[in-house]
Amino acid sequence: MMKLEINNLSKTYPNGVKALQDVSLTIGKGMFGLLGENGAGKSTLMRIVATLQDADSGSVVFDGIDVAKDPQALRKVLGYLPQEFGVYPAITAEELLMHIADLKGIAKTSQRKEQVHALLKKVNLWEDRAKKLGSYSGGMKQRFGIAQALLGEPRLIIVDEPTAGLDPRERNRFYNLLSEIGENTVVILSTHIVEDVSTLCSDMAIMGNGRVLLEGSPAEVERNLKDRLWIKEIAKPELERYSKEFKVIASHFHLGKLQVTVDAEACPGDGFEAKASSLEDAYFQILARNEG
Ligand code: ADP
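These numbers come from a predicted model, not from an experiment. (Residues numbered from 1 in each chain as written. Predicted model: local features only at pLDDT ≥ 70, side-chain atom pairs only at ≥ 80, totals over all residues. Heavy atoms only, no water.)

**Some points on the nonpolar core**
- F144, I146 and L178 are the most contacted members of the largest nonpolar core, which has 50 residues in total.
- If you look at the next biggest cluster of nonpolar residues, it comprises 30 residues, including I6, L9, F32 and M207. (Core = buried A, V, L, I, M, F, W, Y, C linked by side-chain atoms within 4.5 Å. Buried < 20%, exposed > 50% of the residue type's maximum accessible area, 1.4 Å probe, protein only.)

**Section: unusual backbone geometry**
- For N8, which is not glycine, the phi torsion reads 45 degrees and is therefore positive.
- Mapped onto the elements of the fold, N8 is located in strand β1 (residues 4-12).
- The class of N8 is partly exposed, set by a relative accessible area of 43%.
- Phi at T51 is positive, roughly 70 degrees, even though this residue is not glycine.
- Note that T51 resides in the loop between α1 (42-49) and β4 (57-62). (Helix = DSSP H or I, 4+ residues; strand = E, 2+ residues; numbered from the N terminus.)

**Some points on the site of the ligand**
- Taken together, 13 residues surround the ligand, and among them G39, G41, K42, S43 and T44 come closest.
- Here a nitrogen atom of the ligand and a side-chain polar atom of N15 are 3.5 Å apart.
- For the ligand, an oxygen atom lies 2.6 Å from a polar atom in the backbone of G39.
- Considering the ligand on its own, with 560 Å² of exposed area, one finds that the protein chains cover 66% of that surface.
- The leading source of residues in the shell around the ligand is α1, at four residues. (Near = heavy atom within 4 Å. Polar contact = N/O pair within 3.5 Å; in protein donor to acceptor, adjacent residues only side chain to side chain. Areas by Shrake-Rupley, 256 points an atom, 1.4 Å probe, with all protein chains shown as cover.)

**Description of the packing of helix α3 (residues 93-103) against helix α5 (residues 138-150)**
- The interhelical angle for the contact between α3 and α5, taken along N-to-C directions, is 25 degrees, at an axis separation of 10 Å. Between α3 and α5, the crossing angle belongs to the class labelled roughly parallel. Note on packing geometry: the crossing formed by α3 with α5 is right-handed. Residues A93, L96, L97 and I100 of α3 form the contact with α5, whose own contacting residues are F144, A147 and Q148.
- When the residues that make up the contact of α3 with α5 are grouped by side-chain class, the tally is six nonpolar, one polar and no charged. (Axes fitted to C-alpha atoms, helices over the stretch in contact; angles between N-to-C directions. Parallel < 35°, antiparallel > 145°, perpendicular 65-115°, else oblique. Left-handed = near helix turned anticlockwise from the far one by under 90°. Contact = heavy atoms within 4.5 Å. Nonpolar A, V, L, I, M, F, W, Y, C, P; charged D, E, K, R; others polar.)

**Observations regarding the domain arrangement of the protein**
- Under the domain assignment used here, the protein contains domain 1 (4-217) and domain 2 (227-276).
- Each of domain 1 and domain 2 has a C-alpha centre, and the two are 38 Å apart. (Domains from an automatic or database assignment.)

**Some points on the pattern of salt bridges**
- Scanning the entire structure with this criterion turns up 14 salt bridges.
- In this structure, D66 engages K69 in a salt bridge whose closest nitrogen and oxygen atoms are separated by 3.7 Å.
- With relative accessibility at 71%, the residue K69 sits in the exposed group.
- A salt bridge links D263 to K247, with the shortest nitrogen-to-oxygen separation between them at 3.3 Å. You can see D263 sitting in strand β13 (residues 257-263) and its partner K247 sitting in the loop between α9 (239-245) and β12 (248-254), a full 16 residues away along the chain.
- Residues participating in the shared-partner salt-bridge network are R228, K247, D263 and E265. (Salt bridge = Lys/Arg side-chain N within 4 Å of Asp/Glu carboxyl O.)

**Points about the pairing of β12**
- For β12 and β13, the ladder comprises six bridges, and the chain directions are antiparallel. When the bridges of β13 are listed, F253 appears paired with L258.
- Where β12 folds back onto β13 in an antiparallel hairpin, the turn is made up of two residues, including L255, whose phi is positive at roughly 50 degrees. (Pairing = 2+ DSSP bridges.)

**Side note on the sheet that holds strand β6 (residues 78-81)**
- Taken in spatial order, the six strands of this open sheet run β6-β7-β8-β3-β9-β10, and their pairing is mixed. Unpaired on one side and paired on the other, β6 and β10 (211-216) mark the two borders of the sheet. Within this sheet the neighbouring strands show an average axis-to-axis angle of 15 degrees, counted without direction.
- As judged from the four bridges shared by strand β3 (residues 30-35) and strand β9 (residues 203-208), these two strands associate in the parallel manner. Paired with F32 across the bridge in β9 is D203.
- Against the sheet, α5 contacts β6 and β7 (156-160), and its axis sits at roughly 165 degrees relative to β6.

As structure tokens, then:
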């Protein structure tokens, strides 16, 4: 069975920041969501798996390949879309894809062309293939990024914060593209957006402060909270008092009114109503516990 095994990975940066602390995860085929706030350690973990950075201790093994011992072998099967995806503004999408295909070791020109053309169509950039990348919109750049990550038919695909900065329609397109990726692939989606995970992923982990806080399917993570959530509409100045008195895991405006979500065994008092839990609630609760 093809899988990615992350074993007891730790990484401390020279400035003392403990970006990863004894992280272990086993990730099988399909779409895996790595959810966490900015600074949780997701990018550090993704860069280590992608062979761009070394860990201080621990190991990463993908389908029998020890990533630290044989980075070249890993790179051959890897598709990576980093958080900051720089493009060369003065060349066209087709030219850059042909070049990357060459770097990925697709030796025959006819084969390179065939794959590049198929991918340009798949990500809906065929009409724009001869335009300079510098003229692309954010959504187009993101789709280009996916195309380059899919070159060479990778078996391990890593996408880091893919939907940050996309408008809802672009995000939707991007979701559709990702969900078309073959079932015979391990895909890791690193994100701080709960919807990315609930829409796409069959398994997930929540990271915080360099650690794995919780792991499971989105449904299992949600069940964590069953029958413990209560909401109430309050006036804005009351928020501070409520935050002191109750375990407030989220507060947001709904139709112009402030609603607080409270975590409690039983109904915490007058005016509170039971709330069906969502993945977002579970995520906020786990973050709140991690901070408290
Ligand atoms: P995420 O991707 O979840 O936002 P990162 O892996 O980027 O998390 O960052 C984890 C922690 O490590 C943060 O506190 C961040 O500031 C720190 N960090 C990341 N890269 C470096 C670096 N090159 N040098 C020092 N600290 C870093």
